[in-house]
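# Chain and residue survey
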Amino acid sequence: MKQHDLVILGSGYTGRFLFPLAAQRYPSVFAASREPERRLAHLPADRRLHFDLMRRDTWPNIPASADLLWCFPAQPPESVQAVAAAIKAPARRLVVLGSTSAYDVDNSSAYPPPWIDETAPVDPCKPRVQGEEFLRRECGAIVLRVAGIYGPGRNPLDWIRLGRVGPSGKYVNLIHVEDLASICLAALAQGKPGEIYNVSDGVPRTWDEICKTAQERWNVTPAAGSRTDLPGKRIVACKVGTHLGVAIRHSDLYAALEFLERSNATSAEGP
Ligand SMILES: NC(=O)c1ccc[n+]([C@@H]2O[C@H](COP(=O)([O-])OP(=O)(O)OC[C@H]3O[C@@H](n4cnc5c(N)ncnc54)[C@H](OP(=O)(O)O)[C@@H]3O)[C@@H](O)[C@H]2O)c1
């Protein structure tokens, strides 16, 4: 059977890590952007595509029959439906990156918060959920509900330093971008059309725990920031292991943070 090409729709942070990995498995990989010359200057010109969900004139740039990795919020739903028809999405392998925020349905203050697997209800009022559910139900898209993405250049210790997050009992679920990239490709290769897979490293942690460890191991003191009383979520993400056969490489958050800190220090020192 002829192997298809791959298009990464929305080549931002995750797309940058996906591209080289996908290039090892696909005959040709293309990255799409709303401003390809500016945003994708690091790629050869023949690998860049101009694509904007809000600009119908860019939709024919997507090569027929290529597999698709949709890496930006699938909204507004009307545009999602229109582009899906225009590019014949139901006839392709399609993986859509959603978010675990789809599960924000109740205001329960139960603590610790209940575990959430792929059968948990999502909020149908959210435009993004509507877009994803259309692609999943009508086009056979495989939807990944992704936890907080971190990795090189997105270091949770910096979020603490800058006061974007601070100590609280709120649970957070994280995934290293390299694991996310592997899971995206496994979903394209083995995922069942219409299926949902939660994506996280499998270990929900509280910001209290992360901040305490950050202080002890890296002397990171939280900047004054807003505290929260929200319980957060605890995401169950075993299905990617049992159904897609992916083993999480960065399941030890603190080992991954150590690596990010060392890389920061090395790049700050210069050559
Ligand atoms: N960051 C997180 O912690 C997190 C957590 C859960 C889920 N997610 C989801 O996971 C996916 C990947 O995340 P990421 O952090 O890698 O995203 P990202 O860095 O924002 O990259 C997505 C790229 O998509 C392009 N894009 C945005 N709107 C578009 C539109 N209307 N039409 C066409 N292209 C558009 C943008 O690139 P150009 O400007 O070059 O077009 C953007 O850089 C996203 O769907 C995100 O919402 C992220």
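Our subject is the structure that appears above.
Okay, so let's go over this structure. Worth saying up front: this structure is predicted, and the values here are computed from it rather than measured.

## Looking at the site of the ligand
Around the ligand, 22 residues are found, and the nearest of them are Tyr-13, Thr-14, Ser-33, Arg-34 and Arg-154. Between the ligand and Arg-34, the relevant distance is 2.8 Å, taken from an oxygen atom to a main-chain nitrogen or oxygen of the residue. For the ligand, an oxygen atom lies 2.9 Å from a polar atom in the side chain of Arg-128. Surface burial for the ligand is 79%, taken as the share of its 890 Å² of free accessible area covered by protein chains. Of all elements in the fold, only α1 (13-23), β5 (94-99) and β8 (148-150) reach the threshold of two or more residues within the shell around the ligand. The leading source of residues in the shell around the ligand is β5, at 3 residues.

## What to know about the nonpolar core
Ranked by size, the top nonpolar core spans 34 residues in total, and within it Leu-6, Leu-69, Leu-97 and Leu-144 carry the most contacts. Put simply, the parts of the chain that give this core at least two residues each are β1 (6-9), α1, β2 (29-33), β5, β7 (142-146), α6 (177-190), β11 (196-199) and α8 (239-244). If you tally residues by element for this core, the top one is α6, at 9 residues. Core analysis: the second largest hydrophobic core is formed by 26 residues, Leu-9, Val-80, Ala-89 and Leu-135 among them.

## A closer look at the packing of aromatic side chains
Counting across every chain of the model gives 4 aromatic pairs. Ring geometry for Trp-70 versus Phe-72: centroids 5.1 Å apart, planes at 25 degrees, classification stacked. With a relative accessible area of 1%, Trp-70 lands in the buried category. Within the aromatic cluster, the residues linked to one another by ring pairs are Phe-51, Trp-70 and Phe-72. Between the NZ or CZ atom of Arg-47 and the centre of the ring of Phe-30, over which it lies, the distance is 5.2 Å. One residue, Arg-205, lies across the ring of Tyr-254, its end atom 5.3 Å from the ring centre.

## Observations regarding the sheet that holds β5
Here 7 strands make up an open sheet; going across it, the order is β3-β2-β1-β4-β5-β7-β11 and the pairing parallel. Only two strands of the sheet have a single neighbouring strand rather than two, namely β3 (48-50) and β11. Within the sheet, the average angular offset between the axes of one strand and its neighbour, ignoring direction, is 20 degrees. Note: β1 against β2, 4 bridges, orientation parallel. Each bridged residue has a counterpart across the sheet, and for Leu-6 the counterpart in β2 is Val-29. Lying on the sheet, helix α4 (residues 127-139) is in contact with β4 (67-70), β5, β7 and β11; it crosses β5 at an angle near 155 degrees.

## What about the side chain of Arg-234?
By the element assignment, Arg-234 lies in strand β13 (residues 234-235). Despite being buried, Arg-234 has no salt bridge partner; Glu-209 is the closest side chain of opposite charge, sitting 11 Å away. Of the polar contacts made by the side chain of Arg-234, one reaches the backbone oxygen of Pro-113; its length is 2.7 Å. In this structure, Arg-234 is in contact with Pro-112, Pro-113, Pro-114, Trp-115, Ile-116, Tyr-171, Asn-173 and Pro-204, ignoring residues within four places of it in sequence.

Cut-off values and rules
- Residues numbered from 1 in each chain as written.
- Predicted model: local features only at pLDDT ≥ 70, side-chain atom pairs only at ≥ 80, totals over all residues.
- Heavy atoms only, no water.
- Near = heavy atom within 4 Å.
- Polar contact = N/O pair within 3.5 Å; in protein donor to acceptor, adjacent residues only side chain to side chain.
- Areas by Shrake-Rupley, 256 points an atom, 1.4 Å probe, with all protein chains shown as cover.
- Helix = DSSP H or I, 4+ residues; strand = E, 2+ residues; numbered from the N terminus.
- Core = buried A, V, L, I, M, F, W, Y, C linked by side-chain atoms within 4.5 Å.
- Buried < 20%, exposed > 50% of the residue type's maximum accessible area, 1.4 Å probe, protein only.
- Phe/Tyr/Trp six-rings, centres within 6.5 Å; stacked < 30°, edge-to-face > 60°.
- Lys NZ or Arg CZ within 6 Å of the ring centre and 35° of its normal.
- Pairing = 2+ DSSP bridges.
- Axes fitted to C-alpha atoms, helices over the stretch in contact; angles between N-to-C directions.
- Contact = heavy atoms within 4.5 Å.
- Lys, Arg positive; Asp, Glu negative; His and termini not counted.
- Salt bridge = Lys/Arg side-chain N within 4 Å of Asp/Glu carboxyl O.

Geometry only, nothing functional implied.
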